[in-house]
Amino acid sequence: MSNQSVPTLYEWLGGMDALTRLTTRFYEHVKMDSLLASVFAHMGADHPNHVAAFLAEVFGGPDTYSTQHGGHPHMIRQHLNRHLGQDQRRRWVVLLLETADELGMPDDPEFRSALVGYLEWGSRLAVINSQSGAEADEDAPMPKWGWGEVKGPYTG
Ligand code: HEM
């Protein structure tokens with residue numbers, strides 16, 4: 001736990017082991033999914049671990065994705081020119097939430113509200129960044145997500 005009484009989302013969901021279990025099982029489902037299998041046909045064996053590291057950092061855990069995997073610019077680059085659609089995005093989010101249920105991750109309203117909020121936000125950015133003409137900002141900071149609410153409209 002952090003020094004404050006409110007845990008980070010990372011701490012609340014069970015830390016690195018829980019996140020790795022989540023992404024490992026999630027991408028097993030993805031590989032079997034009619035809308036997503038082709039999108040992820042060429043993902044490497046380490047993909048679930050990389051996404052777990054990314055989510056860990058976003059949710060207040062260790063900064064391994066920034067220090068060892070290229071940080072947010074690298075993540076954005078992985079989505080460039082993939083032309084993801086809203087149907088694929090929706091399925092991605094639903095499958096991840098179903099996997100969280102399957103694995104018995106915390107399901108209190110506060111945590112799930114924060115999780116859904118992040119997944120909606122992040123997946124919509126992934127779709128935006130996957131369209132023709134999108135570029136990776138080499139200074140893009142890592143997103144940080146907590147228990148709170150968004151503070152205003154999309155500004156790019
Ligand atoms: C919150 C939402 C999302 C997060 C946090 C996320 C995270 C990531 C990360 C961290 C990578 C790079 C992994 C690495 O460093 O090797 C990646 C790659 C990728 N993502 Fe996402 N992503 C999100 C949404 C989506 C969605 C909605 C789709 C498609 C429906 C998608 C499709 C892909 C694909 C195809 C790759 C490349 C896989 C490969 O290596 O072949 N992502 N994503």
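Only a predicted model underlies this, so the values are computations on that prediction, with no experimental measurement involved.

## Remarks on the nonpolar core
Stage number 1. Ranked by size, the top nonpolar core spans 27 residues in total, and within it Leu9, Phe54, Leu55, Ala56 and Phe59 carry the most contacts.
Stage number 2. Mapped by element, the contributors of at least two residues to this core are helix H1 (9-13), helix H2 (15-32), helix H3 (47-58), helix H5 (71-79), helix H6 (86-102) and helix H7 (109-129).
Stage number 3. Beyond its immediate sequence surroundings of up to four residues, Phe59 is in contact with Thr8, Leu9, Tyr10, Leu13 and Trp145.

## Let's talk about the site of the ligand
Stage number 1. The ligand sits among 24 residues. The nearest are His50, Phe54, Gln78, Gly122 and Ala126.
Stage number 2. Within the residue set of the shell around the ligand, elements represented by two or more residues are H3, H5, H6 and H7.
Stage number 3. Counting residues per element, the shell around the ligand draws most heavily on H3, which supplies 5 residues.

## Digging into H6
Stage number 1. With 17 residues, H6 should reach 24 Å at 1.5 Å per residue; the first-to-last C-alpha distance of 24 Å fits that figure.
Stage number 2. Those residues of H6 that fall on the buried side of the exposure criterion are Gln88, Arg89, Trp92, Leu96, Thr99 and Ala100. End-on, the buried residues of H6 take up no more than an arc of 115°, which puts them together on one face. Relative to its buried face, H6 has exposed residues pointing more than 90 degrees away, namely Gln86, Asp87, Val94, Asp101 and Glu102.
Stage number 3. On its buried face, H6 sits against H2 and H7.
Stage number 4. Once H6 finishes, Gly104 follows within two positions and takes phi at roughly 70°, a positive value.

## Describing the environment of His79
Stage number 1. As for its position among the elements, His79 is in helix H5.
Stage number 2. A count of 18 C-beta atoms within 10 Å places His79 in the partly exposed class.
Stage number 3. The spacing of His79 and His47 is 32 residues in sequence and 13 Å in space, taken between C-alpha atoms.
Stage number 4. With near-sequence residues (within four places) excluded, His79 lies in contact with Ala126, Asn129 and Ser130.

## Considerations on the packing of H2 against H3
Stage number 1. Packing of H2 against H3 leaves a shortest axis separation of 8 Å and a crossing angle of 135°. In this view, H2 runs oblique relative to H3, as classed from their interaxial angle. Seen from above, H2 lies across H3 with right-handed handedness. Contacts between H2 and H3 involve Met16, Leu19, Thr20, Thr23, Thr24 and Tyr27 from the first element and His47, Pro48, Asn49, Val51, Ala52, Leu55 and Ala56 from the second.
Stage number 2. Classifying every residue of the contact of H2 with H3 gives 8 nonpolar, 5 polar and no charged.

Scoring rules and cut-offs
Residues numbered from 1 in each chain as written. Predicted model: local features only at pLDDT ≥ 70, side-chain atom pairs only at ≥ 80, totals over all residues. Core = buried A, V, L, I, M, F, W, Y, C linked by C-beta atoms within 7 Å. Buried ≥ 20, exposed ≤ 12 C-beta atoms within 10 Å, placed from the backbone. Helix = DSSP H or I, 4+ residues; strand = E, 2+ residues; numbered from the N terminus. Contact = placed C-beta atoms within 7 Å. Near = placed C-beta within 6 Å. Expected span 1.5 Å × (residues − 1). Arc of directions from axis to C-beta. Axes fitted to C-alpha atoms, helices over the stretch in contact; angles between N-to-C directions. Parallel < 35°, antiparallel > 145°, perpendicular 65-115°, else oblique. Left-handed = near helix turned anticlockwise from the far one by under 90°. Nonpolar A, V, L, I, M, F, W, Y, C, P; charged D, E, K, R; others polar.

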